[in-house]
Amino acid sequence: MSNPPLLEVKNLYMHYHISDQEIVKAVSDVSFSVYEGETFGFVGESGCGKSATCRSLLRLIKPPGEILSGEILYKGQDILKLSPRAMQQFRGRQMSMIFQEPMTALNPVMKIRDQITDALYFLKNRKTEANEYAVDLLRRVGIPLPEERIKEYPHQFSGGMQQRAMIASALGPKPGLLLADEPTTALDVTIQDQIIKLINNLRDELKMSVILVTHDLGVVAQMCDRLAVMYAGRIMEMTDTVTLFSKPRHPYTYALLGSIPTRANRGKKLEPITGAPPNLANLDPGCPFKPRCRYAESVCGEELPEIRELKPGHWSRCHFLDKAESFQGVIEDYQQ
Ligand SMILES: Nc1ncnc2c1ncn2[C@@H]1O[C@H](COP(=O)(O)OP(=O)(O)O)[C@@H](O)[C@H]1O
Ligand SMILES: [Mg+2]
């Protein structure tokens, strides 16, 4: 990691200010970096702020959502300082996003061809070339007979094909960073696998970086170099994928790993995490995981732990990090 990061996010806060009595703290003190060519994952249960983080990076937050503070440095430039017009150009060209639900990104009354070619700013006024490029993109994402299919409307495509068309339109402008928010959740397993391979191949071919959001740790293992585990709008643990699966250092990560099938817990009984995540509009002081944590002590209900670097590149937010070695084996605790 000797090169500077492509994206560096520092202390980002994003809240939904529903009323003075109800403020949903969707993203709190989120800091991370993404390097060129890597895939960085966000995992965590539903509602923990993964999508809110992604949308903040592209400034796609609508009121009552608002970014309160922080920095989002892309190639060293803070995109929170860009004018709306500059931001519009930045989106798509530098950073683009694919969504869980393809129809949120595809326009139902526009032919697939026009949706893709409209974004190809570098082929502006070169219609034939833009069309050829769009056909080639569709072929690369695995759409059969692309010369024919490109003339169709999104509703003429199956769900898996719509997903591919959306990926093609997001990749058309060759962004440096692709944000993929649960890109495979709505698809069946075979198509999921194909889409994962496709994103991995395109990342290598285009030398892109990818931020992948998912609640599926199996997908993380197949795709991510490093990842952050989110809980209640905060990063609880962040490290490389191998370390996270083999030497996790946060009780929430232990609980997550114990609740899903992984290589490490093969053959063991899986244990869903008891209790529910907190309401982000009504957070108690202290560690948000405390009510569900087996290792909590009284300090955990009083003070929010800082996120600390345990070893180079391995971060965790827990009062008992010094005892973390003795948490070894807790994955088994969560499985008994
Ligand atoms: N438009 C909105 N208005 C108010 N609250 C929202 C809105 N969108 C999301 N939230 C809340 O923000 C929190 C984070 O949501 P989200 O980022 O979508 O979670 P995730 O993607 O991890 O499932 C949740 O508590 C969710 O209910
Ligand atoms: Mg989401």
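The present account deals with the structure reproduced in this document.

Thresholds applied
- Residues numbered from 1 in each chain as written.
- Chains lettered and ligands numbered in written order.
- Predicted model: local features only at pLDDT ≥ 70, side-chain atom pairs only at ≥ 80, totals over all residues.
- Heavy atoms only, no water.
- Helix = DSSP H or I, 4+ residues; strand = E, 2+ residues; numbered from the N terminus.
- Rg over C-alpha atoms; globule rule 2.2 N^0.38 Å.
- Areas by Shrake-Rupley, 256 points an atom, 1.4 Å probe, with all protein chains shown as cover.
- Lys, Arg positive; Asp, Glu negative; His and termini not counted.
- Charge placed at Lys NZ, Arg CZ, Asp CG, Glu CD.
- Near = heavy atom within 4 Å.
- Polar contact = N/O pair within 3.5 Å; in protein donor to acceptor, adjacent residues only side chain to side chain.
- Pairing = 2+ DSSP bridges.
- Expected span 1.5 Å × (residues − 1).
- Buried < 20%, exposed > 50% of the residue type's maximum accessible area, 1.4 Å probe, protein only.
- Contact = heavy atoms within 4.5 Å.
- Phe/Tyr/Trp six-rings, centres within 6.5 Å; stacked < 30°, edge-to-face > 60°.
- Salt bridge = Lys/Arg side-chain N within 4 Å of Asp/Glu carboxyl O.

## Overview of the overall build of the chain
The helix and strand tally for the chain stands at 11 helices and 12 strands. Against the compact-globule benchmark of 20 Å for 336 residues, the chain has a radius of gyration of 21 Å, which places it among compact chains. The principal-axis extents of the C-alpha atoms in the chain amount to approximately 65 × 45 × 40 Å. In the structure as shown, the chain presents an accessible area of about 16,000 Å², 49% of it carried by carbon and sulfur atoms. Looking at charge distribution, the chain has the averaged site of its 40 positive side-chain charges lying 4 Å from that of its 40 negative ones.

## So, the site of ligand 1
Around ligand 1, the structure places Tyr-16, Ile-18, Val-24, Ala-26, Ser-46, Gly-47, Cys-48, Gly-49, Lys-50, Ser-51, Ala-52 and Leu-280. The contact in question runs from a nitrogen atom of ligand 1 to an N or O atom on the side chain of Tyr-16, over 3.4 Å. One of the backbone N or O atoms of Ala-52 is found 2.8 Å from an oxygen atom in ligand 1. For ligand 1, whose unbound accessible area comes to 560 Å², protein coverage reaches 64%. If you list the elements that add at least two residues to the shell around ligand 1, you get strand 2 (23-34) and helix 1 (50-57).

## Thoughts on the sheet that holds strand 1 (residues 7-17)
Neighbouring strands of a sheet are bound in pairs by backbone hydrogen bonds; such pairs are parallel or else antiparallel. On the basis of which strands lie adjacent, the open sheet formed by 4 strands has the order 2-1-4-5 and antiparallel pairing. Of all the strands in the sheet, the pair left with one neighbour each is strand 2 and strand 5 (77-78). Here 7 bridges tie strand 1 to strand 2, and the two strands are oriented antiparallel to one another. Bridge pairing in strand 2 places His-17 opposite Ile-23.

## Some remarks on helix 4 (residues 127-140)
Between its first and last C-alpha, helix 4 extends 20 Å over 14 residues, near the 20 Å set by a 1.5 Å rise per residue. Along helix 4, the residues that are buried comprise Ala-130, Tyr-133, Ala-134, Val-135, Leu-137 and Leu-138. Packed against the buried residues of helix 4 are helix 3 (112-117), helix 5 (146-149) and helix 6 (159-171). Positioned one or two residues after helix 4, Gly-142 has a phi angle of 85°, which is positive.

## Overview of the packing of aromatic side chains
The geometry of an aromatic ring pair is captured by two quantities: the separation of the ring centres and the angle between the planes. Applying the stated rule across the entire model yields 9 aromatic pairs. With centroids separated by 5.1 Å and ring planes inclined at 15°, the aromatic side chains of Phe-32 and Phe-40 adopt a geometry described as stacked. Judged by its relative accessible area of 0%, Phe-40 is buried. Ring centres of Phe-122 and Tyr-133 lie 5.7 Å apart, and the angle between their planes is 85°; on these two criteria the pair is classed as edge-to-face.

## A short note on the environment of Cys-54
On the secondary structure map, Cys-54 appears in helix 1. Residues Cys-54 and Arg-139 lie 85 residues apart in sequence; the distance between their C-alpha atoms is 28 Å.

## A short note on the environment of Leu-137
As for its position among the elements, Leu-137 is in helix 4. Of the residues examined, Leu-137 reaches a relative accessible area of 5% and is grouped as buried. When the C-alpha atoms of Leu-137 and Gln-21 are compared, they prove to be 48 Å apart, with 116 residues separating the residues in sequence. Setting aside its immediate chain neighbours within four residues, Leu-137 contacts Ile-116, Ala-168 and Gly-172.

## Remarks on helix 2 (residues 84-93)
Residues of helix 2 that are buried: Met-87, Phe-90 and Gly-92. Those residues of helix 2 hidden inside the fold are in contact with helix 1, strand 4 (65-74) and strand 6 (95-98).

## A look at the pattern of salt bridges
The tally for this structure, following the rule as stated, stands at 13 salt bridges. Between Asp-78 and Lys-81 there is a salt bridge whose closest N-O contact spans 3.6 Å. The class for Lys-81 is exposed, based on a relative accessible area of 68%. Ionic pairing is found between Asp-136 and Arg-140, a salt bridge with its closest N-O pair at 3.3 Å. Residue Asp-136 and its partner Arg-140 are located together in helix 4, separated by 4 residues, close to a single helical turn. For Asp-136, a relative accessible area of 29% gives the class partly exposed.

## Quick word on the pairing of strand 1
In this sheet, strand 4 lies alongside strand 1 in antiparallel orientation, the contact comprising 8 bridges. Counterpart to Glu-8 in the pairing with strand 4 is Leu-73. The turn linking strand 1 back onto strand 2 is made up of 5 residues.

## Some thoughts on the side chain of Gln-162
Looking at where Gln-162 falls in the secondary structure, it is placed in helix 6. Assessed through its relative accessible area of 11%, Gln-162 is described here as buried. In this structure the side chain of Gln-162 is engaged in a polar contact, spanning 3.4 Å, whose partner is the backbone oxygen of Phe-157. Ignoring anything within four residues of it in the chain, the contact list for Gln-162 reads Pro-102, Met-103, Leu-106, Pro-154, His-155 and Phe-157.

Keep in mind these numbers describe shape, not what the thing actually does.
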